[in-house]
Amino acid sequence: MRLEVDIGNTLLKWRVIDAGNVIKKGSVLTQEFAHDSFGDVVNDRVDEVFVGSVAGFECDKRLRKVCRALWEVEPIFAKTSSQCAGVTNSYEDPSKMGVDRWLAMIAAYKRVNKAVIVVDCGSAVTVEYLSDKGEHLGGYIIPGLRLMRESLLKNTAQVRFEKQPAEIVTHPGVSTAEAVLQGSVYLFKALAYAIEGDLEKGAELFFTGGDGALMQEMIQVGRYESDLVMDGLAWVCR
Ligand SMILES: Nc1ncnc2c1ncn2[C@@H]1O[C@H](COP(=O)(O)OP(=O)(O)O)[C@@H](O)[C@H]1O
Ligand SMILES: CC(C)(COP(=O)(O)O)[C@@H](O)C(=O)NCCC(=O)O
Ligand SMILES: [K+]
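Owing to the predicted nature of the structure, the values given are computational and were not obtained by experimental measurement. (Residues numbered from 1 in each chain as written. Chains lettered and ligands numbered in written order. Predicted model: local features only at pLDDT ≥ 70, side-chain atom pairs only at ≥ 80, totals over all residues. Heavy atoms only, no water.)

K.L.:
Explain the UniProt feature "binding site: K(+)" (unreviewed entry) in the chain residue by residue, including any values.
P.N.:
UniProt's feature table lists "binding site: K(+)" (unreviewed entry) at Asp 120, given in the numbering used throughout. Residue placement: Asp 120 occurs in strand β8 (residues 116–121). With relative accessibility at 12%, the residue Asp 120 sits in the buried group. The contact partners of Asp 120, leaving out residues within four places of it in the chain, are Asp 100, Val 125, Thr 126, Thr 208, Gly 209 and Val 229. (UniProt positions renumbered as here; feature names shortened; annotations may be inferred. Helix = DSSP H or I, 4+ residues; strand = E, 2+ residues; numbered from the N terminus. Buried < 20%, exposed > 50% of the residue type's maximum accessible area, 1.4 Å probe, protein only. Contact = heavy atoms within 4.5 Å.)

Quick look at the structure:
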């Protein structure tokens, strides 16, 4: 059995693959990841662990420790490279590119073998542009929904509120909480339309990440694939 792990800045996502099928999956806040985060997978015979991590050294170290303790396995960490599985990196120094971006773009390109735009809506929103030949043309890194709100709270004196409105709407707000929350969703929607405008004829649009389905629903174009980052692991770690 293989354990695949996608460690983002907010959530650690995992799944277990047995004979090509996903048999278990789960997630835990990255900051709270511990020995018991994989539930009853502790009793399974995990003989391989593939990881894509952008969460930093401490969390990677913790995962190594857990894998050794539970299954005596040394996890294989995916690395961004200049070329892999038909995809070519645009960065002069590929090691500087977050491996989650690299994994998602490889998985998306491998699905269709033509030009793609890949949008990962997590802590940050990343937008990647790939040509028909699999060349990464470049991308954007934009604050995600939560970071947009938090940066306002952190850098202003009077933007303060207790409770967030539960509903996700984009009309102009009539309280601080509404104005901030709905402002972030409004910007998110504007971004979705801008990306749609970048879509060239014949190119495919992929969304992934915790808030990816929300963005896809706003324009009803392209497809949402929840596990694009983990789908890239088998291409990069082998
Ligand atoms: N404190 C929290 N508890 C649970 N979920 C959260 C919390 N903060 C953010 N989220 C949600 O977690 C998801 C994070 O998206 P994800 O793509 O997993 O991000 P990342 O890859 O950056 O970790 C988002 O859908 C976000 O709404
Ligand atoms: C852009 C990111 C913060 C996205 O992380 P996430 O939202 O998935 O937690 C991550 O890919 C990263 O740390 N990248 C390094 C900088 C770069 O890719 O150029
Ligand atoms: K992301």
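Following the structure, the description resumes.
K.L.:
I'd like to hear about the packing of helix α2 (residues 99–112) against helix α6 (residues 228–236), residue by residue, with values.
P.N.:
Viewed as axis vectors pointing N to C, α2 and α6 meet at an angle of 85°, and their least axial separation amounts to 7 Å. Viewed along their axes, α2 and α6 adopt a mutual orientation that is roughly perpendicular. Note on element contacts: α6 touches α2 through Leu 228, Val 229, Asp 231, Gly 232, Leu 233, Trp 235 and Val 236, opposite Asp 100, Trp 102, Leu 103, Ala 104, Ile 106, Ala 107, Ala 108, Lys 110 and Arg 111. Its residues placed into classes, the contact of α2 with α6 shows 11 nonpolar, 1 polar and 4 charged. (Axes fitted to C-alpha atoms, helices over the stretch in contact; angles between N-to-C directions. Parallel < 35°, antiparallel > 145°, perpendicular 65-115°, else oblique. Nonpolar A, V, L, I, M, F, W, Y, C, P; charged D, E, K, R; others polar.)

K.L.:
Before we move on, could you go through the sheet that holds strand β2 (residues 11–18) and cite the residues and values that matter?
P.N.:
As summarised here, the arrangement of the 5 strands in space is β3-β2-β1-β4-β5, forming an open sheet in which the pairing is mixed. Edge positions in the sheet fall to β3 (21–29) and β5 (76–77), since each has one partner strand and no second. Relative to β2, strand β1 (residues 2–7) is paired through 6 bridges, and the arrangement is antiparallel. Bridge assignment links Asp 6 to a residue of β2, and that residue is Lys 13. Sheet strands in contact with helix α1 (residues 57–71) are β1, β4 (48–53) and β5, and its direction is about 165° off that of β1. Of the strands in this sheet, β1, β2 and β4 touch α6, which is tilted by about 125° from β1. (Pairing = 2+ DSSP bridges.)

K.L.:
Mind laying out the site of ligand 2, listing which residues take part and the relevant values?
P.N.:
In the neighbourhood of ligand 2, 14 residues make up the surrounding shell, with Asn 9, Tyr 91, Gly 98, Asp 100 and Arg 101 lying closest. Taking Lys 96, its main chain carries an N or O atom lying 3.4 Å from an oxygen atom of ligand 2. In this structure, an oxygen atom belonging to ligand 2 sits 2.8 Å away from a main-chain N or O atom of Gly 98. Calculation on ligand 2 without its partners gives an accessible area of 470 Å², and the protein chains cover 77% of this total. Put simply, the parts of the chain that give the shell around ligand 2 at least two residues each are α2 and β9 (124–130). Looking at the shell around ligand 2 residue by residue, the classes come out as 5 nonpolar, 6 polar and 3 charged. Each of two domains, domain 1 (2–77) and domain 2 (83–144 + 179–229), supplies a minimum of three residues to the shell around ligand 2. (Near = heavy atom within 4 Å. Polar contact = N/O pair within 3.5 Å; in protein donor to acceptor, adjacent residues only side chain to side chain. Areas by Shrake-Rupley, 256 points an atom, 1.4 Å probe, with all protein chains shown as cover. Domains from an automatic or database assignment.)

K.L.:
An account of the pairing of β3 is needed here, citing residue identities and associated values.
P.N.:
Bridge count for β2 against β3 is 8 bridges, and the pairing is antiparallel. When the bridges of β3 are listed, Leu 12 appears paired with Val 28. Remark: 2 residues form the turn of the hairpin made by β2 and β3, two consecutive strands paired antiparallel; Ala 19 in that turn has positive phi of roughly 50°.

K.L.:
Go over the pairing of β8 with me, naming the residues and quoting the values.
P.N.:
With respect to burial, β8 is a largely interior element, 6 of its 6 residues being buried. Inspection of the sheet shows β8 paired to β9 by 6 bridges, in the antiparallel sense. When the sheet's bridge partners are listed, Val 118 is paired in β9 with Glu 128. Where β8 hands over to β9, the hairpin turn is made up of 2 residues, counted between the paired strands. Bridge count between β8 and strand β11 (residues 204–208): 5 bridges; the pairing is parallel. Bridging from a neighbouring strand, Asp 120 pairs with Thr 208 of β11.

K.L.:
Residues and numbers for the site of ligand 1, please.
P.N.:
The local shell around ligand 1 holds 13 residues, among which Thr 10, Leu 11, Lys 13, Ser 123 and Gly 210 are the closest. Take Asn 9: an N or O atom from its main chain is 3.4 Å from an oxygen atom of ligand 1. Between ligand 1 and the protein, one listed contact pairs an oxygen atom with a side-chain N or O atom of Ser 123 at 2.5 Å. By residue class, the composition of the shell around ligand 1 is 3 nonpolar, 7 polar and 3 charged.

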